[in-house]
Amino acid sequence: PGFEVYEPGAIVIRQGDRSVRAEDATYDATTGEFSISGDVDFRSADVRVRGRDAGYAPASERLRVSDARFELYTVPARGGAGSVAVEGTDVLRLKRVDYTSCAAGKEDWLLRADELTIDRKAGLATARGARLDFQGVPILWSPWLAYPITGQRTTGLLLPDFGTSGQRGFELWTPYYLNLAPNYDATVTPHWMSDRGLQLQGEFRYLAEDHRGELDAEFLPSDKGTGENRAYFSIDHRSRLPGRWQLAVEATDVTDNRYFEDLARGVDQTSQ
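Note that this is a predicted model, so its numbers are computed, not measured.

Draft legend 1. Looking closely at the overall build of the protein chain. Along its length, the protein chain carries two helices and 21 strands. Taking 272 residues into account, the globule formula puts the C-alpha radius of gyration at 19 Å, and the protein chain, at 26 Å, lies well above it. Taken over 272 residues, the protein chain has a buried fraction of 36%. Nonlocal contacts in the protein chain, meaning residues at least 24 apart in sequence, comprise 30% of its contacts between residues at least 6 apart.

Shown next as structure tokens:
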């Protein structure tokens with residue numbers, strides 16, 4: 001009940017908008033599950049999974065495919081995995097997975113993970129034992145990684161950045177994004193410098209019907225180079241006033257005259 005099996009030369013199991021096509025299938029009436037083998041091809045409105053063999057439980061709408069290739073239409077994304085489990089209409093669990101959202105024929109960005117869970121309802125993917133490759137070069141390793149799979153913003157760590165300079169030594173930035181509300185957000189970034197110490201950077205953005213702006217601040221306690229506390233603050237604000245008037249505020253303050261030369265990043269800032 002709830003499914004049909006037909007088609008000459010192949011087995012097709014249909015349940016709602018979900019279908020599994022294969023060369024052979026065995027149905028266990030005791031458990032109510034199918035054992036499927038031979039060019040397995042699962043399709044639904046949101047996902048397609050192809051593999052060597054599969055197990056399918058119509059009652060729980062759970063499918064497990066081995067040696068699988070998958071396509072996610074709503075993300076969109078594609079890749080391969082040692083196994084893919086499709087649970088209902090919202091959750092995919094993948095093991096030993098290569099995952100990319102690049103167009104077919106391109107794999108500029110590639111996520112490799114021991115385990116990857118994609119929850120389309122929550123709009124979130126969670127990877128364990130993750131490695132991120134760019135143009136075939138590994139750039140990030142993490143035992144745990146979560147990222148959005150939709151255009152919606154979400155709170156979490158952003159990609160870290162690193163570099164080196166004569167003024168600050170080796171540098172590492174680890175930004176953390178805070179999705180506070182639809183019309184304002186913040187980013188907090190610990191910035192470690194081997195020759196200066198640990199600096200905290202912050203950015204706050206806001207947007208209203210007649211106002212918008214951005215606040216930026218930095219604080220470095222006990223600079224290793226000078227022994228002093230050093231700080232930076234700036235505001236960039238715009239308001240629309242009655243009578244076609246506008247208000248613009250641009251202000252910046254630093255604790256000392258060498259702040260930009262010592263601590264700013266980029267020629268456009270160090271020359272201020």
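Draft legend 2. The environment of N183, seen in detail. One can find N183 in the loop between β16 (176–181) and β17 (184–193). For the pair N183 and R212, spaced 29 residues apart in sequence, the C-alpha separation works out to 9.4 Å. Setting aside anything within four residues of it in sequence, one finds N183 in contact with R153, R205, Y206 and L207.

Draft legend 3. Looking closely at the pattern of salt bridges. For the structure on display, the rule yields 23 salt bridges. Linking R48 and D41 is a salt bridge whose minimum nitrogen-to-oxygen distance equals 2.8 Å. A residue is classified by how much of its surface remains accessible, and R48, at 17% relative accessible area, is buried. Within the structure, one salt-bridge network assembled from shared partners comprises R196, D223, R230, D256, R258, E261 and D262.

Draft legend 4. Representation of a nonpolar patch on the surface. A grouping of W109, F134, V137, I139 and L159 is seen on the molecular surface, where their side chains present a nonpolar patch of about 440 Å² in accessible area. Tracing the chain through its elements places I139 in strand β12 (residues 137–148). Note on I139: relative accessible area 40%, which makes it partly exposed.

Draft legend 5. Molecular detail of the nonpolar core. Counting 36 residues, the largest nonpolar core has Y99 and L116 as its most contacted members. Among the elements that make up this core, the one with the highest residue count is strand β7 (residues 62–72) (five residues). Ignoring sequence-local partners within four residues, the contact set of L116 consists of L92, R93, L94, V97, Y99, L111, A125, T126, A127 and Y147.

Draft legend 6. Spotlight on the pairing of strand β18 (residues 197–207). The sheet contact formed by β17 and β18 spans ten bridges and is antiparallel. Bridging from a neighbouring strand, P190 pairs with L200 of β18. Connecting β17 to the next strand, β18, in antiparallel fashion are three residues. As paired strands, β18 and strand β19 (residues 211–220) are joined by eight bridges and run antiparallel to one another. Considered in β19, the bridge of E203 is made with D216. The turn joining β18 and β19, which pair antiparallel and follow one another in sequence, is formed by three residues.

Draft legend 7. Geometry of the packing of aromatic side chains. Taken as a whole and judged by the stated rule, the model has nine aromatic pairs. Between Y27 and F34 the ring centres are 4.8 Å apart and the planes differ by 45°, which places this aromatic pair in the tilted class. With a relative accessible area of 39%, Y27 lands in the partly exposed category. These aromatic residues form a ring-pair network of at least three members: Y184, F204 and Y206.

Draft legend 8. Up close: the side chain of D53. Counting through the fold element by element, D53 comes out in strand β6 (residues 47–57). Among the polar contacts listed, one links the side chain of D53 to the side chain of R52, at a separation of 2.7 Å. Not counting residues up to four positions away in its chain, the partners in contact with D53 are I36, S37, V40, R64, V65 and S66.

Calculation notes
- Along every chain, residues carry numbers that run from 1 in the direction the sequence is written.
- Owing to the predicted nature of the model, reporting of local features is limited to residues with pLDDT of at least 70; listing and counting of side-chain atom pairs is limited to 80 or more, with chain, interface and lining totals taken over all residues.
- With hydrogens and water excluded, all non-hydrogen atoms of the structure serve as input to the side-chain values.
- Secondary structure elements are taken from DSSP: a helix is a run of H or I of four residues or more, a strand is a run of E of two residues or more, and numbering for both begins at the N terminus.
- What the globule rule says is 2.2 Å times the number of residues to the power 0.38, and the radius of gyration is computed from C-alpha atoms.
- Buried, partly exposed and exposed residues are distinguished by accessible area as a fraction of the type maximum, computed with a 1.4 Å probe on protein chains only: under 20%, between the cut-offs, and over 50%, respectively.
- Here, residues are in contact when the closest pair of their heavy atoms is within 4.5 Å.
- Basic side-chain nitrogens of Lys or Arg form a salt bridge, by our definition, when they fall within 4 Å of a carboxyl oxygen of Asp or Glu.
- Residues enter patches when they are more than 30% accessible in relative terms and free of salt bridges; like-charged ones are connected within 9 Å and nonpolar ones (Val, Leu, Ile, Met, Phe, Trp, Tyr) within 5 Å.
- Methods summary: accessible areas were calculated by the Shrake-Rupley approach with a probe of 1.4 Å, and residue burial reflects only the protein chains presented.
- For this analysis, a nonpolar core means a set of buried residues of the types Ala, Val, Leu, Ile, Met, Phe, Trp, Tyr and Cys, connected via side-chain atoms within 4.5 Å.
- Criterion used throughout: strands pair if DSSP finds at least two bridges between them.
- Here a pair means two rings of Phe, Tyr or Trp (six-membered ring of Trp) with centres within 6.5 Å. Their orientation is stacked below 30 degrees between planes, edge-to-face above 60, and tilted elsewhere.
- Here a polar contact is taken to be a pair of N or O atoms separated by no more than 3.5 Å, where protein atoms must pair a possible hydrogen donor with a possible acceptor and residues adjacent in sequence count only if both atoms sit in side chains.

Don't take any of this as a statement about function, it's just geometry.
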